[in-house]
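Okay, here's what each chain looks like letter by letter:
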Amino acid sequence: MITSLSLLARIPLPPTNDGSVGGRSIIRRRSVVFPSKKWRCSVSPGQPPPPRQRRRQLKNPDDGEKGIDPVGFLLKSGISHKGFALYLRERYKSLKDLKDEILTRHIDFRDMASGFELLGMHRNVQHRVDFMEWAPGARYCAVVGDFNDWSPTENCAREGHFGHDDYGYWFVILEDKLRDGEEPDELYFQQYNYVDDYDKGDSGVTAEEIFKKANDEYWEPGEDRFIKSRFEIVAKLYEEIFGPNGPQTEEELEEIPDAKTRYKMWKEQHKDDPPSNLPAYDVIDSGKEYDIFKVIDDPVSRAKFRAKKSPIAYWLETRKGRKAWLKKYAPAIPHGSKYRVYLNTPSGPLERIPAWATYVNPEAEGNQGYAIHWEPPPEDAYIWKHKNPKVSKSLRIYEVHIGISGSEPKIASFSEFTEKVLPHVKEAGYNAIQLIGIVEHKDYFTVGYRVTNMFAVSSRYGTPEDFKHLVDEAHGLGLLVFMDIVHSYSAADEMVGLALFDGSNDCYFHTGKRGHHKFWGTRMFKYEDLDVLHYLLSNLNWWVVEYHIDGFNFHSLASMMYTHNGFASFTGDMEEFYNQYVDRAALLYLILANDILHDLHPNIITIAEDATLYPGLCEPTSQGGLGFDYFVNPRASEMWLSFLENDQDSSWSMSKIVNTLVGIGKSSDKMLLYAENHNQSISGGRSFAEILYGRALEKPSAMNHSLLRGCSLHKLIRLITYTIGGRAYLNFMGNEFGHPERVEFPMSNNGFSFSLAHRRWDLLEQEGVHRDLLCFDKDMMNLEKTERIISRWLPNIHHINDANMVISYLRGPFLFIFNFHPTNSYDRYIVGVEEAGEYQVILNSDERKYSGQGSIGEDQYVRKTMSRRVDGMRNCLEIPLPSRSGQVYKLTRILRV
């Protein structure tokens, strides 16, 4: 009987794309054939079973994975389109192929999204700084800066695979400089604690003393025999076979006995050995068929072996502290140093800001920008105080831009925002902030949407530690922190951004026309490239890991999902979502981004900003969707703006309002609505307040007709937008109190003026319209805080009357009713309700404290139902309904009929 034994041979691989060398290997099996025996040979405890007996069953992606249906959401959404269903299946196959390709170069998807752990500038524990950059088109790479007098030869990558790999990743080591009079470390691999436990290791204990302590404390008598004399067994075996007393010819070389015979000889030889603490390696014969991989060893010895901890603690004890490092070495690149990466390319030498730089000065007073090495001493590094808040079932998002958040006409800072604006957001009743323009960008007037440095927080607002303080204080107030992330395009700047980064035109972006946005002049990412995916996915993970961000708003998805950048006429035909203009690679990136983010950070929130409302935006990726948590419905603000600028008040269509605000079907609960965001008031646009009030706010003490109309519509628009839609609402900074001025960033056509690039918080310090509007907005937010109206129920719209211009709907026990008519008031307007009982007004937009007329007295706030079927409901209410007003009723007492 012949048995085959598989031996495992480990074969090292060349450096991976993320720069790790020797960390991965493949397993190749070699078979040795030998006679089968009943006896079991002794081997080391814990030997794994043979692959031939227990083979790991790998799931075949094509065999219908459990819970995976590439077209699952179509039935749920009521979509029956064969062409789109076929496209979804093909897209899913492409996704599987992409994942398989990723796993050939990365250990797992976390590794794929953690490039920032290796790339960029990092302090190494062995008194040096490691720099890694991706520049496949370069022939030479060096780090230049003020620390080496901008020399392109002092700190450069070594030749061959020690300096770069086959994927174009360059590796540069910046050795710390030994101070005068100091001796080199005794240990070649001496390590130091720079930040973590930086106060440990400065006790003066030498490495030799620690190693002696380890030998004395860790090893039991006899256990360290082969540690101290590791070649003893090899030497004896060599002497036995090749020594003077060994066989001299092949004939004298006897046949090696079988395992059973050898074992009996070994037992006879050691029968008189004294008792030992060493593990027992006797073979326990169970009488079963010989199997070298199923050794039954001594249970006591095995338990003792497994209980023994690794001696790594002694090795870590050899690390020296920060004081010892500073005493012996001068940092190769001190904290705050300016630097760039120098590349020699076919186009000539280039100096670029590293793509993975975390702190950048992009303008540098008219000169070429530079990166700033950010490595603050541990006593100055920010220490997090608060945990991320729990994610609410409904979102009330306050959208802000740090630069214009101050009262003065200048660029505000992180610190000023933290001190002055965050308390206002909390007091106003919002539970999240959304930051726009946070990522580094060269041109301030672009509002931060032409990003130049993806991993850097904008230096014009402060330092990375200042931003951490902002996020931490927001978390302390119970506010989630979201940020606008722009992965749909990038700035075309060549000196600061990624364009022509390594001298080639196809490093991060497509070549030709496809690599340029058709209208904005920005560059379009090459999403099918694994290294570009590595960069973008790592960027998302970076903001969560480094700055504790709670979520992302993915900006302008239409720009990346379509090769026409979303600038095409959409008729609603399903073919428009899978024709030749759809960028499948971009969709696969979005699916990967959502999958990886939600897997690594289960509480993360992702928001899709897509003007085309691509099918399946918020459906699970396992059901063929893109995996977002919320999607933005921009049509609401467009509708309100069209009404205000183009239509008479009396011609507003109630049906259009309802269809626009809730006409997304079954995904309306995941819809994010806003009456106006920053788009309506930035660079040429007008805010709603500017349109509604005009010059009436110049004399706010006199409640004239124009001012009354503006206040009434301002409140109505916000109340119905907030309460009729899904479970997310957004408001741009200042619009909650009717900010009277638009936003205009400093640029050449306005003389670089900051007069409109700030917020008028001073308007809230005096009584009047603005304070009243803020009071109404607070009470509107309190509907969710106190009653959980938005998170507990979805709207049931049962009354739309275009002639009377009235809309009414129910959310659980709450009745919402709006009268948009400019002149008609109704003393007893009849509207249906389901439950019989008493309903009481809890919010009335016409109250005087909200700059209303106060047409309804408080004695009219409680209304009893009548047993009469109206609007398909079993009961009805007679409600006083002034013109341009909205009311919220709560069922306070149920009457049993």
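Parameters and conventions
The numbers attached to residues start from 1 for each chain and follow its sequence in the written order. Reporting in this predicted model follows two pLDDT cut-offs: at least 70 for local features of residues, and 80 or more for side-chain atom pairs to be given and counted; totals over whole chains, interfaces and linings ignore these cut-offs and use all residues. Hydrogens and water molecules were not included; the side-chain quantities draw on all heavy atoms of the structure. Here, a salt bridge means any side-chain nitrogen of Lys or Arg that lies within 4 Å of a carboxyl oxygen of Asp or Glu. Secondary structure elements are taken from DSSP: a helix is a run of H or I of four residues or more, a strand is a run of E of two residues or more, and numbering for both begins at the N terminus. Exposed residues in this analysis have more than 50% of their type's maximum accessible area, buried residues have under 20%, and partly exposed residues fall in between, with area computed by a 1.4 Å probe over protein chains only. Each Phe, Tyr or Trp ring (for Trp, its six-membered ring) is paired with any other whose centre lies within 6.5 Å, and the angle between the two planes then decides the class: stacked below 30 degrees, edge-to-face above 60, tilted in between. For a Lys NZ or an Arg CZ to count as sitting over a ring, it must be within 6 Å of the ring centre and within 35 degrees of the ring normal. Any pair of N or O atoms that falls within 3.5 Å is considered a polar contact. Within protein, one atom must be able to donate a hydrogen and the other to accept it, and sequence-neighbouring residues count only if both atoms are side-chain atoms. Contacts are residue-level and defined by heavy atoms, with any inter-residue pair within 4.5 Å sufficient. At least two DSSP bridges between two strands are required for those strands to pair. Note on method: axes are straight lines fitted to C-alpha atoms, helices fitted across the in-contact stretch only, with angles between N-to-C directions ranging 0 to 180 degrees. Residues belong to one nonpolar core when they are buried, are Ala, Val, Leu, Ile, Met, Phe, Trp, Tyr or Cys, and are joined through side-chain atoms within 4.5 Å. Here pLDDT means the predictor's own confidence in every residue, given as a number from 0 to 100.

Here the focus is the pattern of salt bridges. Opposite charge on two side chains allows them to pair when their charged atoms are near. A complete count under the given rule lists 40 salt bridges for this structure. With its nearest N and O atoms 3.2 Å apart, the salt bridge here joins E182 to K327. Of this pair, E182 sits in the loop between β7 (177-178) and α4 (207-218) while K327 sits in helix α10 (residues 322-328), and the two are 145 residues apart along the sequence. Judged by relative accessible area, E182 falls into the partly exposed class, the value being 21%. Look at K327 and you get exposed, because its relative accessible area is 55%. A salt bridge links R686 to E645, with the nearest nitrogen and oxygen atoms 3.9 Å apart. Within this pair, whereas R686 is found in the loop between β21 (671-673) and α18 (688-693), its partner E645 is found in helix α16 (residues 635-646), the two being separated by 41 residues in sequence. The network of salt bridges with common partners includes R123, D176 and E375.

The next point concerns the packing of aromatic side chains. What describes a pair of aromatic rings is the distance from one ring centre to the other and the angle between the planes of the rings. Scanning the entire structure with this criterion turns up 53 aromatic pairs. Between the aromatic rings of W134 and Y169, the centroid separation amounts to 6.2 Å while the plane-to-plane angle is 35°, which identifies the pairing as tilted. Within this pair, whereas W134 is found in strand β4 (residues 128-134), its partner Y169 is found in strand β6 (residues 169-175), the two being separated by 35 residues in sequence. The cationic tip of R123 hangs over the ring face of Y194; the distance from NZ or CZ to the ring centre is 4.8 Å. The ring of Y218 has K308 lying over it, and the distance from NZ or CZ to the ring centre is 4.6 Å.

Moving on, we come to unusual backbone geometry. At L613, a residue that is not glycine, the phi angle is positive and equals roughly 50°. Here L613 shows up in the loop between β19 (605-608) and β20 (630-632). Judged by relative accessible area, L613 falls into the buried class, the value being 14%. A positive phi angle is found at F752, which is not glycine, with a value near 55°.

Time to look at the side chain of D484. Position of D484 among the secondary structure elements: in strand β17 (residues 480-485). Within polar-contact distance, the side chain of D484 engages the side chain of Y449 at 2.6 Å. Leave out the neighbours within four places in its chain, and D484 touches Q434, L435, I436, Y449, N553 and H555.

Turning to the sheet that holds β4, a few remarks are in order. Spatial ordering of the open sheet is given by β3-β4-β6, a layout of three strands whose pairing is antiparallel. Since the sheet does not close on itself, it has two edges, and those belong to β3 (120-124) and β6, each with one partner. The average angle at which neighbouring strand axes cross in this sheet is 20°, direction not considered. Alignment of β4 against β6, held across seven bridges, turns out to be antiparallel. By the bridge assignment for β6, R128 is matched with E175.

Below, the discussion takes up the pairing of strand β10 (residues 348-352). Where strand β9 (residues 338-345) and β10 come together, five bridges link them in antiparallel fashion. Bridge pairing in β10 places T345 opposite G348. Taking the residues between adjacent antiparallel strands as the criterion, β9 and β10 are bridged by two residues.

A few words now on the sheet that holds strand β22 (residues 728-732). Across a sheet, strands are paired by hydrogen bonds formed along the backbone, either parallel or antiparallel in direction. A barrel is described by the order of its strands in space; here eight strands give the closed sequence β13-β14-β17-β18-β19-β20-β21-β22, paired in parallel fashion. For this sheet, the mean inter-axis angle between neighbouring strands, taken without regard to orientation, is 30°.

Attention now moves to the nonpolar core. Core analysis: the biggest nonpolar cluster contains 184 residues, and I433, Y508, W543, F552, W640 and F820 have the highest contact counts within it. Look past the residues within four positions of W543 in its chain and what remains in contact with it is V439, M454, F455, A456, V457, F467, M483, I485, H548, I549 and F552. By size, the runner-up hydrophobic cluster in this structure holds 18 residues, among which are I817, I856, Y861 and L891.

So, on to the confidence of the model for the protein chain. Of all residues in the protein chain, 87% have pLDDT values of 70 or greater, and the mean over the chain is 86. Within the model, pLDDT remains below 50 along residues 1-63, and this stretch shows 120 contacts once partners closer than five positions in the same chain are excluded.

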